[in-house]
Amino acid sequence: MAGAPGAAGDSVAGAGASGESVAGAGAAGDRGGGGFAGTGLLGTLRPAAPGADREPPDLRRRLWFALVTIGAAWIFALVAHLAHLDAVTLLVVVVATAVTLRSPGSPLDRLVVAVALLAGTTCGAALLLSVWPWHLRPQVLGGCALTGLALIIAVRGELPAVRIRPRAGDLAVLAPAGVLALPFLASTFHASLPVRLGSVLRGEDLARHFAMFDTIRRVGGYVFLHRTEASDSIASSDLAYPQGAHLLAAVLDNFLTSSATVGRPVPSVSHFLYYDQLNYLFLAFAVLWAAHRLAGPGVRPLAFVPIGGLCVAYLLFGSPITTYTYGFFPEITGLGFLALLTGVLVRPLRSVREQVVVVTALVVAVSYCYYLLLPVVVVGVLGHVLVYRRRLLPAWPFAVAVAVVGVAVSAVPRLEAHGEQALSLQLLLQDFGVVRVQRGPLLALCILVGVGVAVTGSWWRSPAIRVMAVTGAGAVLFAAGVGGYEGVQVGRTLYFFEKSLHTVIVLLLIASGAAAGLAQRVLDGVAVRYRAAPLACAVALGLVPVAGLGGLDWDPQQLAGAEFHDPAYGTSPGRLLVGGAISETVPARTALIVAERFPDPGDKITLVATGRQTDNLSTFYTWMMQRNYGRAWRLYPSTFTARTAYQYQVLVLTHQDQHFRVVTDNPVIATSLASLAILRPDLRLEVDDLRQLHNW
């Protein structure tokens, strides 16, 4: 199978990674057979044999099948809930969705598409789920999902015909994902809660995202639809923040805990930290899956090893890892869905209708998780429509109808956030803390991917690579536009320019899959003389980027926007994370101790006042766990400068409309504030000794 990726991936009769033909896919993939095979109430519960004469669909049989399966679905969901096994219901929903898909594919491809479809549908349906009486109860969500699947099968008139045949290509994705997961999780997954929280305590972002996740579980839906109930735990400026990632995590937590009721905050924090880690692994897996899909079904697994090594190295030791260490939870989720969307756009599913629905679901998911990515999404979708227009033309009425619904639903987060200013560019001028993307490795990645694709030859004849090129160009132009606008307005690039570069990196890593054809040609040449050499050669090529990026020190100037308590300027955050040297354990432990001791602050606002530089983070994370961040967040800037007893006295006296509880292990601060509490009883100031609280 030597040759260019176009030849390797597109000469095989394949639209997807499974290798099925695109030609005629719309007609072949969308036609369903009529009627259940066999006789009786539900027949023999098997699909009719391919090519066999099918009896006309029997409406009565379909109706009875729908009624029986819907009843069984609800019984299953309710019994699983009573047994605290809602996680099993979720698993059944995902697998059943994968089985119901008509487009052929490997088990991994089916599961990925099913998860994408369910995630996007959940984000959109949550507009209704947020206001109906049952909110996000797992037994109700599971029952509704299984009901929908039963109705789809009944309308089609046939049971799904699926042959489960694992393919070697799935291993090409799972193996590098596992290689990344092992060092990523090794240092913290089984560590104590203070160590795990400390590993992401780089700023206040993750605290805000936990507050959103926790509040969504408490109110039962999007917080912008429950503003009054959410105002105590969410800052008013965050009530309209994109909440898709937080809602998906909340739904997952409800299924795993078999409860829609929030409990003590500290266990909830522990759950969210696990979801945060799995979220970054989701991004890594999505990039690998999309890159392998771009490579095509004709590329053998060994040829993908160098591509997998490049993706693993850059995601673990390059700039993307800072999105995890600095708590950019929704951005990571949005980039993951963008990667899945890119994989589906470059090689569409066989069924045109399923392709349209899945693409729409992923666009909705990206919009609700991180709508900054929407300009790139629009370019990618338009590129897909242009390249595959002949496939889409027969189904254009259905495609237009679904697209109209998708656009309307996708517009809600942006309109809700900014109303009449939804199209304003002022958002791009916001300046927040972010680690600058390494320009050198990014430029090297651009050159490597460009040369790797170009030297394969015949690449422009591949529809998949043409869609990838259009999408990548859209990301580059978007980043250039953001940087240019910020440069003109304020004279330098800001926060969102660095975010746009994260998008460029993700799409470049996916585009590297197009170079798998070149790697296969090299391995085929090696195999001519040495039969065992391809494996060793592939592993060696895969380890080169890991060794190169893993040993690369960062320019300290590129960390200029980092928090002051970074352990070592100029050191790769990924290398620190893998080595377990990145955890801010002391402020994390302090926040956990205070939140565990005072879970309900009442009318008090808690201040951690030990005199350390990290007191502001301990205070902020304490507010988050006490669920009163919405009342206290305006005081957060004041905590940056408060270090001495006098400064804390000034803070308390300046905000006499608030009542404070100060927790400290500093004798000077404790004595000073205790004296103030005696002299001014009207302040209702309480001072607690941190050393006497339960140690974590």
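Residues numbered from 1 in each chain as written. Predicted model: local features only at pLDDT ≥ 70, side-chain atom pairs only at ≥ 80, totals over all residues. Heavy atoms only, no water.

Draft legend 1. View of the overall build of the protein chain. For the protein chain, the count of helices and strands is 31 helices and three strands. Looking at the protein chain residue by residue over its 696 residues, the buried ones come to 55%. The long-range share in the protein chain, meaning contacts at least 24 apart out of those at least 6 apart in sequence, stands at 79%. When the accessible area of the protein chain is evaluated, it comes to approximately 28,000 Å², of which 66% is carbon and sulfur surface. (Helix = DSSP H or I, 4+ residues; strand = E, 2+ residues; numbered from the N terminus. Buried < 20%, exposed > 50% of the residue type's maximum accessible area, 1.4 Å probe, protein only. Contact = heavy atoms within 4.5 Å. Areas by Shrake-Rupley, 256 points an atom, 1.4 Å probe, with all protein chains shown as cover.)

Draft legend 2. Region of interest: the pairing of strand β3 (residues 686-689). Pairing of strand β2 (residues 659-664) with β3 involves four bridges; the strand directions are parallel. When the bridges of β3 are listed, V663 appears paired with D688. A crossover connection joins β2 to the parallel β3 through helix α31 (residues 667-679); in handedness this β-α-β unit is right-handed. (Pairing = 2+ DSSP bridges. Right-handed = clockwise from strand over helix to strand, strands pointing away.)

Draft legend 3. Region of the structure containing unusual backbone geometry. One non-glycine residue, H84, lies in positive phi territory at about 60°. Looking at the element boundaries, H84 is found in the loop between α3 (59-82) and α4 (86-100). Of note, H135 is a non-glycine position whose phi angle comes to about 50°, a positive value. If you trace the backbone, H135 turns up in the loop between α5 (107-129) and α6 (138-156).

Draft legend 4. Here's a closer look at the pattern of salt bridges. Applying the stated criterion across every chain, the model contains 16 salt bridges. For K604, the salt bridge is made with E686, and the minimal N-O distance between the two is 3.7 Å. Taken together, the positions of K604 in strand β1 (residues 604-608) and E686 in strand β3 put the pair 82 residues apart, joining distant regions of the chain. Look at E686 and you get partly exposed, because its relative accessible area is 31%. Within the structure, one salt-bridge network assembled from shared partners comprises K604, R661, E686 and D688. (Salt bridge = Lys/Arg side-chain N within 4 Å of Asp/Glu carboxyl O.)

Draft legend 5. A look at the packing of helix α9 (residues 205-219) against helix α11 (residues 244-257). Where α9 meets α11, the axes come as close as 9 Å, and the angle between the chain directions of the two elements is 55°. Comparing their axes, α11 and α9 come out oblique. Crossing geometry of α9 relative to α11 is assigned as right-handed. Contact residues: α9 offers H209, M212, F213, I216 and R217, while α11 offers H246, L247, A249, A250, D253, N254 and T257. (Axes fitted to C-alpha atoms, helices over the stretch in contact; angles between N-to-C directions. Parallel < 35°, antiparallel > 145°, perpendicular 65-115°, else oblique. Left-handed = near helix turned anticlockwise from the far one by under 90°.)

Draft legend 6. Layout of the packing of aromatic side chains. Applying the stated rule across the entire model yields 19 aromatic pairs. A centroid spacing of 6.2 Å and a plane angle of 80° characterise the contact between F328 and Y495, whose relative ring orientation is edge-to-face. Remark: Y495 occurs in helix α22 (residues 495-511) and F328 occurs in the loop between α14 (321-325) and α15 (329-346); sequence separation between them is 167 residues. The same class applies to F328 as to Y495, namely buried. Ring pairing ties together the aromatic residues F210, F213, F272, Y275 and F329, which thus form one cluster. In this structure, R661 is placed above the aromatic ring of F598, and the distance from its NZ or CZ to the ring centre is 4.3 Å. (Phe/Tyr/Trp six-rings, centres within 6.5 Å; stacked < 30°, edge-to-face > 60°. Lys NZ or Arg CZ within 6 Å of the ring centre and 35° of its normal.)

Draft legend 7. Fine view of the side chain of D665. Note that D665 resides in the loop between β2 and α31. Only 3.2 Å separates the side chain of D665 from the side chain of R612, close enough to count as a polar contact. (Polar contact = N/O pair within 3.5 Å; in protein donor to acceptor, adjacent residues only side chain to side chain.)

Draft legend 8. Examining a nonpolar patch on the surface more closely. On the surface, a cluster of nonpolar side chains totalling about 380 Å² of accessible area is made up of L63, W64, L67 and V68. Secondary-structure assignment places V68 in helix α3. (Patch = residues over 30% accessible without salt bridge, like charges linked within 9 Å, V, L, I, M, F, W, Y side chains within 5 Å.)

Draft legend 9. Geometry of the confidence of the model for the protein chain. For the protein chain, mean pLDDT is 83; residues scoring 70 or higher make up 82% of the total. In this model, residues 1-46 is a region of pLDDT below 50 whose contacts with residues beyond four sequence positions or in other chains number 139 contacts. When the criterion is pLDDT under 50, residues 559-569 qualifies, and its contacts beyond four places in sequence or with other chains add up to 28 contacts. (pLDDT = per-residue confidence, 0-100.)

Draft legend 10. Main features of the sheet that holds β3. Spatial strand order, β1-β2-β3: three strands in an open sheet with parallel pairing. A single partner strand is all that each edge strand has here, and the edge strands are β1 and β3. For this sheet, the mean angle separating the axes of adjacent strands, direction not counted, is 20°. In terms of strand pairing, β1 meets β2 through five bridges, oriented parallel. Bridging from a neighbouring strand, K604 pairs with H659 of β2.

Draft legend 11. View of helix α27 (residues 615-626). Taking 1.5 Å per residue as the helical rise, α27 with its 12 residues ought to reach 16 Å, and the 16 Å between its terminal C-alpha atoms agrees with that figure. The buried fraction of α27 amounts to 12 of the 12 residues, a majority that puts the element mostly inside the structure. Looking only at α27, the buried set comprises D615, N616, L617, S618, T619, F620, Y621, T622, W623, M624, M625 and Q626. Positive backbone phi, at 60°, marks R627, one or two positions downstream of α27. (Expected span 1.5 Å × (residues − 1).)

Draft legend 12. Representation of the side chain of T333 within the structure. Residue position: T333 is located in helix α15. Looking at T333, the relative accessible area reads 5%, which means it is buried. Engagement of the side chain of T333 in a polar contact is seen with the backbone oxygen of F329, the distance being 3.1 Å. Excluding anything up to four places from it in sequence, T333 contacts A245, N279, F282 and C369.

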